[in-house]
Amino acid sequence: MIEHELHGALERRLDLFEHANSGEHNLDQGYSNYWFRSTTIARTGELSGDACVWGLEHAASLRYDQGMTYDEPVARVAILDVDGTMHPRSIGLALLDEMGRRGLGRADAIASVMTAVAQLRAGSIDFPEMVARSTAAYAAALAGAEQAALTALARETWQTLRGELFAFVRPLIARLMEAGVAPYIVSSSPHEIVALLAADLGVKDCDGSRFAARGSLHW
């Protein structure tokens, strides 16, 4: 998925900078801005004065100072995750819950997604296995469902979820835009609901999981 690909690219970039920092320069958890050649990751502690949340989960902190080289990027982008980062819940699982309640999609596959998440939380499977299982089961859950029905349910679900956004999120988005930094929202939750979150925040660029469809039906 795109967020894991971006995370991998960021980790590789961090590895290079950590190597550069291995001498007289040290990692510094207190520094607020981390500028990369083509990507800006903004720490919300500086921008909102509140919780320190990162655009990509598990991103290590890195100090930039005079000892390191820096090239002004062509474009500045803040990559923002959704589930557990901007919102306390998984908005994709919330949508799946509503699907189960409304009888939309396959009940056995919906249960398989929830089982994989529960197994991760119990420590019986690791994160990559949970992602593989839950993504396959989510696709199976949607098989035969009408795209229009899922889109309508996503709109309804988002209206319930939107009030639960972390308090720092809207000020953070506004501050990024004022600073000329383009927010880019990525999530493994379905694009149907991720796009609604992005539109609610006035963010043009976003991506979520996209599941195959033929005509008007998922398959």
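For the structure, check the block above.
As the structure is a prediction and not an experimental result, all values here were calculated from the model.

A. Molecular detail of helix H7 (residues 169-178). Among the residues making up H7, those that are buried are Val 169, Leu 172, Ile 173 and Leu 176. Down the axis of H7, the smallest arc covering the buried residues is 95°, so these residues share one side. In the segment just after H7, Gly 180 is the residue with positive phi, at about 80°.

B. Spotlight on the packing of aromatic side chains. Counted under the stated rule, the structure contains 2 aromatic pairs. An angle of 15° between the planes, with centres 5.4 Å apart, marks the rings of Tyr 138 and Phe 211 as stacked. Taken together, the residues Tyr 138 in helix H5 (residues 127-142) and Phe 211 in the loop between strand S5 (205-209) and strand S6 (213-214) connect sequence positions 73 residues apart. On the accessibility criterion, Tyr 138 (8% relative accessible area) is buried. Among the residues examined, Phe 211 registers a relative accessible area of 18% and is labelled buried.

C. Geometry of the pattern of salt bridges. With the rule as written, the count across this model stands at 9 salt bridges. For the salt bridge of Arg 133 with Glu 129, the shortest nitrogen-to-oxygen distance reads 2.4 Å. One end of the pair is Arg 133 and the other is Glu 129, both in helix H5 and 4 residues apart, which spans about a single turn. Residue class for Glu 129 comes out partly exposed when judged on its relative accessible area of 31%. A salt bridge links Asp 200 to Arg 162; the shortest N-O distance between them is 2.6 Å.

D. Inspection of the pairing of strand S4 (residues 182-190) at higher detail. Across 4 bridges, strand S3 (residues 77-80) lies against S4 in parallel orientation. For Leu 80, the partnering residue across the bridge sits in S4 and is Ile 185. The pairing of S4 with S5 spans 4 bridges and is classified as parallel. Bridging across to S5, Val 186 finds its partner in Asp 207.

E. Spotlight on the packing of helix H6 (residues 147-161) against helix H8 (residues 191-201). Where H6 meets H8, the axes come as close as 9 Å, and the angle between the chain directions of the two elements is 50°. Taken together, the axes of H6 and H8 are oblique relative to one another. Regarding H6 and H8, the two cross each other, and that crossing is right-handed. Between H6 and H8, the residues in contact are Leu 150, Thr 151, Ala 154, Arg 155, Thr 157, Trp 158 and Leu 161 and Glu 192, Ile 193, Leu 196, Leu 197 and Asp 200, respectively. Of the residues belonging to the contact of H6 with H8, the class tally is 7 nonpolar, 2 polar and 3 charged.

The rules behind these values
Residues numbered from 1 in each chain as written. Predicted model: local features only at pLDDT ≥ 70, side-chain atom pairs only at ≥ 80, totals over all residues. Heavy atoms only, no water. Buried < 20%, exposed > 50% of the residue type's maximum accessible area, 1.4 Å probe, protein only. Helix = DSSP H or I, 4+ residues; strand = E, 2+ residues; numbered from the N terminus. Arc of directions from axis to C-beta. Phe/Tyr/Trp six-rings, centres within 6.5 Å; stacked < 30°, edge-to-face > 60°. Salt bridge = Lys/Arg side-chain N within 4 Å of Asp/Glu carboxyl O. Pairing = 2+ DSSP bridges. Axes fitted to C-alpha atoms, helices over the stretch in contact; angles between N-to-C directions. Parallel < 35°, antiparallel > 145°, perpendicular 65-115°, else oblique. Left-handed = near helix turned anticlockwise from the far one by under 90°. Contact = heavy atoms within 4.5 Å. Nonpolar A, V, L, I, M, F, W, Y, C, P; charged D, E, K, R; others polar.

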